[in-house]
Amino acid sequence: MSATSLLIVAHGSRRPQSNTEVKQLTQIIREKACSKYLSISHAFLELADPSISDAIDQCVEQGAKEVLLLPYFLSAGRHVQQDIPEEVAKKQAQYPQLKIQIATYLGASDAIADIMLSLVEKT
């Protein structure tokens, strides 16, 4: 089994149903990835728990040697460009032995256009 934990990072919402959607997506990804990762979990930048900091702590407690963050954001705004990297830098300082990487944010994927067209065609 890999020593890498996958952490899906979303914005977070005051609306509980929105946060539940992220939790459900995380569960689907967990099922599809099988045992590729040590763990697959989610975190929120703000407005909901767990925070990025707490989620990284949990990955370390589970034995992760590497944490790969996947930003669940559609554009490269301030959260993707500044806020998430700042949170990661704090945790990297706390855990210098831990390799923390930030994957490309969701909206940068070429597949997004196909997904959007697929949704429109189903309407």
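Along each chain, residues carry numbers from 1 onward, in the same order as the chain's sequence is written. Residues qualify for local features only when their pLDDT is at least 70, as the model is predicted, and side-chain atom pairs are given and counted only at 80 or more; totals for whole chains, interfaces and linings, by contrast, use all residues. The side-chain figures draw on all heavy atoms in the structure; neither hydrogens nor water molecules are used.

Draft legend 1. Highlighting the state of the cysteines. Pairs of cysteine sulfur atoms within 2.5 Å are identified as disulfides in what follows. Taken as a whole and judged by the stated rule, the model has 0 disulfides. In this model Cys-59 remains outside any disulfide bridge; the closest cysteine sulfur is found in Cys-34, 19 Å from its own. Judged by its relative accessible area of 0%, Cys-59 is buried. Only protein chains enter the area calculation, which uses a 1.4 Å probe; residues under 20% of their type maximum are buried, those over 50% are exposed, and those in between are partly exposed.

Draft legend 2. The pattern of salt bridges, seen in detail. Each salt bridge in this description consists of a side-chain nitrogen of Lys or Arg and a carboxyl oxygen of Asp or Glu lying within 4 Å of one another. Within this structure, the stated rule accounts for 3 salt bridges. Here Asp-83 ties to Arg-78 by a salt bridge, and the two come within 3.5 Å at their closest N and O atoms. Given the relative accessible area of 14%, Asp-83 is considered buried.

Draft legend 3. Looking closely at a nonpolar patch on the surface. Here the term patch refers to residues with relative accessible area over 30% and no salt bridge, with like charges joined within 9 Å and nonpolar side chains (Val, Leu, Ile, Met, Phe, Trp, Tyr) within 5 Å. To measure how exposed things are, a 1.4 Å probe is used in the Shrake-Rupley method; for residues, cover is taken only from the protein chains shown. Together, Tyr-72, Leu-74 and Leu-106 make up an exposed nonpolar region whose accessible area comes to about 290 Å². A helix here means a DSSP run of H or I that spans at least four residues, while a strand means a run of E at least two residues long, and both kinds are numbered starting from the N terminus. Its location among the elements puts Tyr-72 in the loop between strand 3 (66-71) and helix 3 (78-94).

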